[in-house]
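Reading the structure
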Amino acid sequence: MLQAGIIGLPNVGKSTLFNALTNSHVLSANYMFATLEPNVGVVTIIDKRLNEIGRITNAKKIIPTSLEFVDIPGLVSGASKGEGLGNKFLDSIRNVDALCHVIRCFNDPNISHVFAEVDPVNDALTVELELILADLDVINKRIDRLHKKVLVDKIASEKLEYETLVLIKENLEKEIPINKLNLTVEEKKAIKSYNFLTEKPLMYIANLKDDDLLDIENNTYYQSLLAYAKKNNIKVVPLSIKLADDLKEFSEEEEKEYLEELGLTDFRLNNVITGAYELLGLETFFSFLSGETRAWTYKKGMTAKECAGVIHTDFEKGFIRAETVSYDDLVSLGSYQKAKEAGKVRLEGKEYLVKDGDILSFRFNV
């Protein structure tokens, strides 16, 4: 399962967010390094389409898909040189697929901050510089040895690897992360084994106070971060993490009433989940069989045969065809049978690129 890592400076709300997302109770405290080891939790992806398909197909059981979030220990300036939790932090990041960077956008004298004052853009730059320095350290340890090898052996794949590392090094030294470079498919393949930190997709979660959500336009902390993020094409999700954590104990009806009292009719913790889902390049297809309707996660660009393997390896090995109907066609026609009669159910081959919302039934032979 793909993982989204929750990162940031100490005391910005990472563990509290993790608790809210996963309904967990990991330690979140007002002191440095309250989180010493990564915590992993599975989060259900809420998708209204799944329930609608279940209703149409009279499903007895509805199973949503999910995503893993990892609460990663806090980083401080100098982590790339071993400061704070240093290597432990960086190793934890190396093992996840995307980064959700929590940044504090409020001042509170009762909550300590690693710097003298709250500055969201500076906080973002502090973390991202450490990721850049860590990647540069990996490249510097490898590049000279690889250069000598390329001069002697001249193997094409190693030459491409070396040239790609040189390109990346030049940009990292200008503080340009790898995810901002337009690397070719071949170049990405050449450096895949390095699992570079700045190659991972990134989004910001702006942690605000409850009342700031009602007047977000006048929160100078948030607006400065938003301007920086737009300039660098980074998605920002505004959220009151404390409120999100408090609400996990509420029923759906209680939550609705409480948010209405606060005037927050558009409060959605799910924006973090869907944001991470998109960040990872994930989409959803559906299946229904024997009274069970289910959502499945797949990587955008996967073929029908590859998606069959998401359900079971035997489906991929013995793949014959995929019986396919789009979600919109199924809903508009009201039943699978009517969709079939209208010619909206198609037989697709192994090279068919699955689309978000496709409802698939695989024909296979093992």
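Refer to the structure presented above.
Residues numbered from 1 in each chain as written. Predicted model: local features only at pLDDT ≥ 70, side-chain atom pairs only at ≥ 80, totals over all residues. Heavy atoms only, no water.

Overview of the overall build of the protein chain
Looking only at helices and strands, the protein chain has 14 helices and 12 strands in total. Counting over 366 residues, the protein chain shows a buried share of 49%. Put simply, of all contacts in the protein chain between residues at least 6 apart along the chain, 69% involve residues at least 24 apart. Total accessible area on the protein chain stands at roughly 18,800 Å², and carbon and sulfur atoms take up 49% of it. (Helix = DSSP H or I, 4+ residues; strand = E, 2+ residues; numbered from the N terminus. Buried < 20%, exposed > 50% of the residue type's maximum accessible area, 1.4 Å probe, protein only. Contact = heavy atoms within 4.5 Å. Areas by Shrake-Rupley, 256 points an atom, 1.4 Å probe, with all protein chains shown as cover.)

Some details on the side chain of Asn 219
Structurally, the position occupied by Asn 219 is in the loop between β6 (202–207) and α7 (220–231). A distance of 3.3 Å separates the side chain of Asn 219 from the side chain of Asp 212, its partner in a polar contact. Looking at Asn 219, its side chain comes within polar contact range of the main-chain nitrogen of Tyr 222, at 2.7 Å. Not counting residues within four places of it along the chain, the set of residues in contact with Asn 219 comprises Cys 105, Leu 208 and Asp 212. (Polar contact = N/O pair within 3.5 Å; in protein donor to acceptor, adjacent residues only side chain to side chain.)

Focus on unusual backbone geometry
With a phi close to 55 degrees, Asn 58 is a non-glycine residue in the positive phi region. If you trace the backbone, Asn 58 turns up in the loop between α2 (48–56) and β3 (61–63). Residue Asn 58 is classed as exposed on the basis of its relative accessible area, which comes to 62%. With phi around 50 degrees, Ser 290 is a residue other than glycine that occupies positive phi space. Tracing the chain through its elements places Ser 290 in the loop between β8 (282–289) and β9 (292–299).

Quick notes on the side chain of Asn 207
Within the fold, Asn 207 resides in strand β6. According to the relative accessible area criterion, Asn 207 is buried, its value standing at 6%. A polar contact of 3.2 Å, which involves the side chain of Asn 207, links it to the backbone nitrogen of Ile 241. Look past the residues within four positions of Asn 207 in its chain and what remains in contact with it is Val 12, Gly 13, Val 102, Ile 103, Arg 104, Cys 105, Phe 106, Leu 239, Ser 240 and Ile 241.

What to know about the pairing of strand β7 (residues 235–239)
Sheet topology places β6 next to β7; five bridges connect them, and they run parallel. When the bridges of β7 are listed, Ala 206 appears paired with Pro 238. Taken together, β6, α7 and β7 form a β-α-β motif whose crossover is right-handed. (Pairing = 2+ DSSP bridges. Right-handed = clockwise from strand over helix to strand, strands pointing away.)

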